[in-house]
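Fold and geometry: a report
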Amino acid sequence: QKQVSIQPGRPLQAARSARPEPAARTEPEDHHPEHAAMLAALDATASGERAQLALELLCRHAQAAGGHLYVRSGADAVLAHAASWHAVPPPAALARFAASFWQQQLEDAEMSAVLTELPDVDDEVKPLRWYDAKGECFEALLLVDPRAQPSQRGLAILRVQDQRRRSKWPTRWIAALAARLE
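Here we summarise the structure given alongside this text.

Cut-offs and rules
- Residues numbered from 1 in each chain as written.
- Predicted model: local features only at pLDDT ≥ 70, side-chain atom pairs only at ≥ 80, totals over all residues.
- Heavy atoms only, no water.
- Helix = DSSP H or I, 4+ residues; strand = E, 2+ residues; numbered from the N terminus.
- Contact = heavy atoms within 4.5 Å.
- Salt bridge = Lys/Arg side-chain N within 4 Å of Asp/Glu carboxyl O.
- Buried < 20%, exposed > 50% of the residue type's maximum accessible area, 1.4 Å probe, protein only.

1. Some details on the environment of Phe138
- By the element assignment, Phe138 lies in strand β4 (residues 137-144).
- The spatial distance from the C-alpha of Phe138 to the C-alpha of Ala156 is 9.8 Å, given a sequence separation of 18 residues.
- In contact with Phe138, other than residues within four places in its own chain, are Leu94, Leu128, Arg129, Trp130, Asp132, Ile157, Leu158, Arg159 and Val160.

As structure tokens, this is what we get:
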């Protein structure tokens, strides 16, 4: 990776401008047929209903008992609850966790954007496990489209039924799904 030098006193905005423009959005070429069908279903869905369908698809893929989807809202990157699936509205503790996790991701991304030209992209997105006060297990899955600026599009929090099972989250599929949350 090419490093961008930062001079003392150089404004953050100037450092950001040193990054290259994102490439034109293209569809990932190596989707699993199931993932391609899910994306096609999202494309055929009215924009106002996409968040609900996206969450349902994520929950089904993870074999989750339920979940919540939050999406980026407005220029100031506020996280807004967009959908719940097989769940009551998010409890206060879960909403606090989501807000804190989101803020940390934004701060990490901002620092990374200043220090590196291009973000590291792995083949798989790694969700974070979180346990509530009752001991229920949740996976927090950051929905990122690395071709977009800003790249963070949303956050899915899924209630895990089988804690031994780890879902596979291909980066390109998550990026394509995140792009459809706009």
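And the narrative resumes.
2. Some thoughts on the pattern of salt bridges
- A full pass over the atoms with the stated rule returns 4 salt bridges.
- Arg180 serves as the salt-bridge partner of Asp43, at 2.7 Å between the closest nitrogen and oxygen. Placement of Asp43 in helix α2 (residues 33-43) and of Arg180 in the segment after α5 (171-179) is noted, with a sequence separation of 137 residues between them.
- Asp43 gets classed as partly exposed once you look at its relative accessible area, which sits at 45%.
- Note on Arg180: relative accessible area 11%, which makes it buried.
- A salt bridge links Glu56 to Arg60; the nearest nitrogen and oxygen atoms lie 2.9 Å apart. One end of the pair is Glu56 and the other is Arg60, both in helix α3 (residues 50-62) and 4 residues apart, which spans about a single turn.

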